[in-house]
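A closer look at the structure
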Amino acid sequence: MKIGFHTIVWWPFKDELDYIFEVIAAAGFKGVEFRHLPDQLGKIGSLLKLLDKYNLELIGLSGGSLEERKNFCEHSFRPKYLHTNEWSEEIAKLATTGKNPFTIALHPRIFKPVRGIKDAQEIFKKDPNLKFLPDIAHLTITGDNPVEVIKTYKDRIVGVHFKDWTSEFGHSVHRYARGFVELGEGEVDLGGVLRTLRDIDYNGWLIVEQDWTRTDPAISTFRAAKWLAGKGLLPAPPAKIPERKQKRVGVNSIYEEYHLGGGAEAHFLEKVVSAGWQDVQSCYESIARAFVELCSCELVGLWTCSPANKLMDLVAVYPDPDIHLKAVMDYQKSLSGEAIEQQRIVDFDLTDLKVRKQFAYPELLTVLKSKKMVSVPIFNPWNPNHVRLVVSIFHSYDEMPVSNDELFYLGVAVGHSTSLALDEAGSTSVAKVNALVGGKSSVRDFAEGLSDIIEKAIDCEEVNVLLRNPIDDKFEPAGYKDDESVKGLEDYFSQFGNVRETVITPEGKNVAANGKAMCMNTPLLRSNGEVLGWVRCCNKHTPRKLGTSESFIFCDDDAAILEAIAQAAVPHFEVLIAQERRAKALGRLTHELKAPIVAIRGAVDFIEYNPEVKRLFEHDYLGDILEWTDLVDELLDNLDLLRHSLLKLPIKAKKTRLLADVVSPAVKQLDPTVRRYGFAPSRITRGRFEAVPPLYIDRKRFHQVFFNLLSNAIKYSYKDRNAFRIDIEGYFHAETGFKIVFRDWGKGVAKGEEKAIFQEGFRGSGITEEEVTGQGFGLWLVQQTVESHGGTIKLTNNLYPTEFTILLPKYLKFQAPKTQHIHRSNVS
Amino acid sequence: MKTLILFIDDDETIAVPYYIKALEMKGFEVKQCITPDTALEFVQKAKGKIKLIILDVMIPHGKTLSSKETNEGLITGILFYDKILEFCPDIPIIILTNIPSVDEKFKDFHDRNIPVHTKMKCKPFQLANLVISTLASNNKNDLKSQSDN
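None of these values were measured; they are calculated from a predicted model.

**Comments concerning the side chain of Lys123(B)**
Assignment of secondary structure puts Lys123(B) in the loop between strand S5 (116-118) and helix H5 (124-148). Note on Lys123(B): relative accessible area 12%, which makes it buried. Lys123(B) has contacts with Arg601(A), Asp605(A), Glu608(A), Leu626(A) and Tyr19(B), leaving out every residue within four places of it along the chain.

**Focus on the packing of aromatic side chains**
Two measures describe an aromatic ring pair: the distance that separates the ring centres and the angle between the ring planes. By the definition in use, this model includes 22 aromatic pairs over all chains. Here the aromatic rings of Phe132(A) and Tyr153(A) are separated by 5.8 Å at their centres, their planes lie at 80 degrees, and the arrangement is edge-to-face. Of this pair, Phe132(A) sits in strand S6 (residues 131-132) while Tyr153(A) sits in the loop between helix H7 (146-152) and strand S7 (159-162); the two residues are 21 residues apart in sequence, bridging distant segments of the chain. Take Phe132(A) and Tyr153(A): they sit in the same class, and that class is buried. Relative to Phe804(A), the ring of Phe758(A) has its centre 6.2 Å away and its plane inclined at 80 degrees; by these criteria the two rings are edge-to-face. Taken together, the residues span a long stretch of sequence, with Phe758(A) in the loop between strand S28 (737-744) and helix H24 (778-788) and Phe804(A) in strand S30 (residues 802-808) at a distance of 46 residues. Each residue in the set Phe606(A), Tyr609(A), Tyr18(B) and Phe125(B) is aromatic and connected to the rest through ring pairs, giving one cluster. The ring of Tyr731(A) has Lys739(A) lying over it, and the distance from NZ or CZ to the ring centre is 5.9 Å.

**Observations concerning the pairing of strand S3 (residues 57-61) of chain A**
All names here are of chain A. Taking burial as the measure, the five residues of S3 include four buried ones, the bulk of the element. As defined by bridge partners, strand S2 (residues 31-34) adjoins S3 across four bridges and the pair is classed as parallel. Counted as the bridge partner of glutamate 33 is glycine 60 from S3. Read as a crossover between parallel neighbours, the route from S2 over helix H2 (residues 44-53) to S3 is right-handed.

**Observations concerning the sheet that holds S5(B)**
Residue and element names in this part refer to chain B. Taking strand neighbours across the sheet as the criterion, the five strands line up as S2-S1-S3-S4-S5 in an open arrangement whose pairing is parallel. At either end of the open sheet lies a strand with only one pairing partner, and these are strand S2 (28-33) and S5. Between one strand and the next, the sheet's axes are offset by a mean angle of 30 degrees, whatever the strand orientation. Each of strand S1 (3-8), S2 and strand S3 (50-55) touches helix H2 (residues 36-46); the most contacted strand, S1, lies at about 160 degrees to it.

**Considerations on the side chain of Ser220(A)**
Residue and element names in this part refer to chain A. Among the secondary structure elements, serine 220 is positioned in helix H9 (residues 217-230). A distance of 2.5 Å separates polar atoms of two side chains, one belonging to serine 220 and the other to threonine 213. Look past the residues within four positions of serine 220 in its chain and what remains in contact with it is Glu182, Gln210, Thr213 and Thr215.

**Brief notes about helix H1 (residues 17-27) of chain A**
All names here are of chain A. Counting buried positions along H1 gives eight out of 11 residues, so the element sits mostly inside the fold. Of the residues making up H1, those classed as buried are Leu17, Tyr19, Ile20, Phe21, Glu22, Val23, Ile24 and Ala27. Directly beyond the C-terminal end of H1, a positive phi value near 110 degrees is found at glycine 28.

**Points about the interface of chain A and chain B**
Every contact between the two is made by 29 residues of chain A and, on the other side, 29 residues of chain B. Roughly 2700 Å² is buried in total at the junction of chain A and chain B, and carbon and sulfur atoms are behind 64% of that figure. When the area that chain A buries against chain B is broken down by residue, the three leading residues are His591(A), Val598(A) and Phe606(A), summing to 22%. Connecting chain A to chain B are one salt bridge. Across the salt bridge formed by Glu608(A) and Lys123(B), the nearest N and O atoms sit 3.4 Å from each other. Across the chain A-chain B interface, the total number found is four residue pairs in polar contact (both at pLDDT 80 or more). Of all the elements in the fold, those that place two or more residues in the side of chain A that touches chain B are helix H18 (556-609) and helix H20 (619-642) of chain A. When residues of the side of chain A that touches chain B are assigned to their parent elements, the largest contribution, 17 residues, is made by H18(A). Partitioning the side of chain A that touches chain B into residue classes produces 11 nonpolar, five polar and 13 charged.

About the criteria used
- Residues numbered from 1 in each chain as written.
- Chains lettered and ligands numbered in written order.
- Predicted model: local features only at pLDDT ≥ 70, side-chain atom pairs only at ≥ 80, totals over all residues.
- Heavy atoms only, no water.
- Helix = DSSP H or I, 4+ residues; strand = E, 2+ residues; numbered from the N terminus.
- Buried < 20%, exposed > 50% of the residue type's maximum accessible area, 1.4 Å probe, protein only.
- Contact = heavy atoms within 4.5 Å.
- Phe/Tyr/Trp six-rings, centres within 6.5 Å; stacked < 30°, edge-to-face > 60°.
- Lys NZ or Arg CZ within 6 Å of the ring centre and 35° of its normal.
- Pairing = 2+ DSSP bridges.
- Right-handed = clockwise from strand over helix to strand, strands pointing away.
- Axes fitted to C-alpha atoms, helices over the stretch in contact; angles between N-to-C directions.
- Polar contact = N/O pair within 3.5 Å; in protein donor to acceptor, adjacent residues only side chain to side chain.
- Buried area = accessible area lost by both parts, 1.4 Å probe.
- Salt bridge = Lys/Arg side-chain N within 4 Å of Asp/Glu carboxyl O.
- Nonpolar A, V, L, I, M, F, W, Y, C, P; charged D, E, K, R; others polar.

Here's what the structure looks like:
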């Protein structure tokens, strides 16, 4: 097996070929595969000579069209393979016919037309001779197992793209590329792949392809070599990395400081970076303006692209030509689109009739005096294969004041600038999403607020949020709006299954999309990859100043922002959905439990109403029954109301003597229960509470507090009348306020569970099945009540005794609590 | 002829039989319907004869109202209240529920001064007395409006 290196990581320094080869060779690699476009490499003969100088082989070419690469190789040189991201019979014919036939190797990626091994399999069936260039990171991202893929298709493999990737930035086509990292820092099964290649006796090329780097590409090259040396695949690289002969000023990566030197690039950066863009749109506008100033040209237009449907959208133009510009164009027909197709800077002669005919804005040409147009593609800084913007520069010079090379590097700077703006816009929106949840108690309210945030963030007209119904697995609008525009969507989204990317589609005919063409759909993805729902955005509108009211398409930047918002929203949805389900279940439970209580009271009512029957019963029994049903009713009321997220249970504070009005009645009420367990009621002792004056508290709620504490103590006691003991005391502490200490000598609380016992539904680890009763809300309710009165409750001792300490603020002596409701914590 | 009361509640076996028994002991005839569909059907058939309606909140939504509107039946009665009023605007309706009256679901009712009675606080014979006083008050209003005309 031979180890090679891919030039993609060197993209911003593409013209430093001599230095690139020097570093790659010094690191110990034996061959090079090129991301460079053929016309960036000079003549094949010169290239081979230069490679030879450093003892490097030319493995393959991946930049530019297949035909261009084939022609570049001329007659005397055959690369090991030429990589292709797509396949057709024409491509197969191109490879095998003519004077210079060559091997093509299919390279599946994360995006279409060949996504993952599933799409590749279908193509392999059509072409049994087609070779395979597996990229182990792309396979990992698409959910395939690179080890299994290599084993299955070992006979087709001519090369392996060896690289690492982290899922930290997500899986979508717009963000995944940020996840490419140096070998050993990601999640790809690198060791498994190497073992498998050894097991199948693979003797082809292993090419390290690091799509981008956070540092100097020379450092990354050497780090890769070092990792491979650690696996015994390369000799250890030298400690010193070859230095550049020529000092280079420019952008290394988005994480490093811009090295401002002189020249057009520095001037541009000063204009653009210091513009202080608030959002992506203002970034576009400042870029267009900066290019006009920099190039002293007549007009600059900025286009975004949608890879989904090959449409381009004009998002900024400076100065405004004050004519009606068509909103959307198919970039295969437009001149600017050629920059995407070719992925290079393209010059157009606007005086040439043939060129003018291709131009989609004839009105613009009549207004401008420009004789030439330059199209500059702007790449996603983390993915040089992905053109995100195109800058169209209109001028009348024979030679621009800025060279094509300078334009190229300006393009790199623009790529970084727009990414920074995108991050800014995304994180601002994400912050709004996180703030939104604070005031929202229902899925519907949250979805509505989320829709508002999205509409503003990406300037679209209509946003719908749909969530999966787990019962029938269909997607339904979040909330119960009878919305015409989302009718028929239940099945529509099911077709996308578990896609992990934004889908920009014209909606199907059977789906009402209010008459306009384009919708962008982004999945709401759970951390386990399951699709929780979809966010559907329709009909992006342009800023009015471009003078058009037509719908515009969504571009990758919109998709990236939307995805960031969707990722932020998922955890909040999960919590709200769980809460709503629990609330419904609780509502039903309390409703059902109340029916028998009402029946008991009804029976008591009949007894009371019939004097002859009543005579047979002692009055106390009837009174006790009514009191008990009252108590259970209050408990169920508390549960029923507290199932809502926000403040619900009003506090009715009045002057209350803790011992006489609260503690003692609770003890008395549990008297029958204590006796039933065989305990002596005298084993519950109460301190004198002398130092605790009457306090302004909700008497009923505090009665419940002590009722719950006592119930638990009885329930979780050792069933031994001599061991049973409860002690309640009250104090006043000048610094901390009023203190009530509740102690019992029961089974205690396990270490580590001191805070957890106050959580809803929590069961202590030492509790047996027989002891489990109720819903686990007792201590939670106690804490909610105490804290709503401005106090605290803590478990201050775990065992022998189990000790709870309640502190209440001093001001309760003079006034009611500051809050008016007993509340539960907000969603976090 | 006995005064006819319509009792809309899906509890047929536990607590509601006590209420119905108490009403019958006070001389009323009571018809129970367990869903909005059967209730509406009965109202249309027996319109004019029904003198008062007692309405629960958590009842099945039936076909008249959808599962989504009623939050799977949890607020059927609240939505159904206004629907009944469309059919019988002059018949008094007593809301009788297990849900605490301070629940935010009843905000609209509180704003409209529509009292919400909870079953825990309103025992069977208390309900019967409430029905008697409501009917009496309604008759007085009827007489008053007739004499005003």
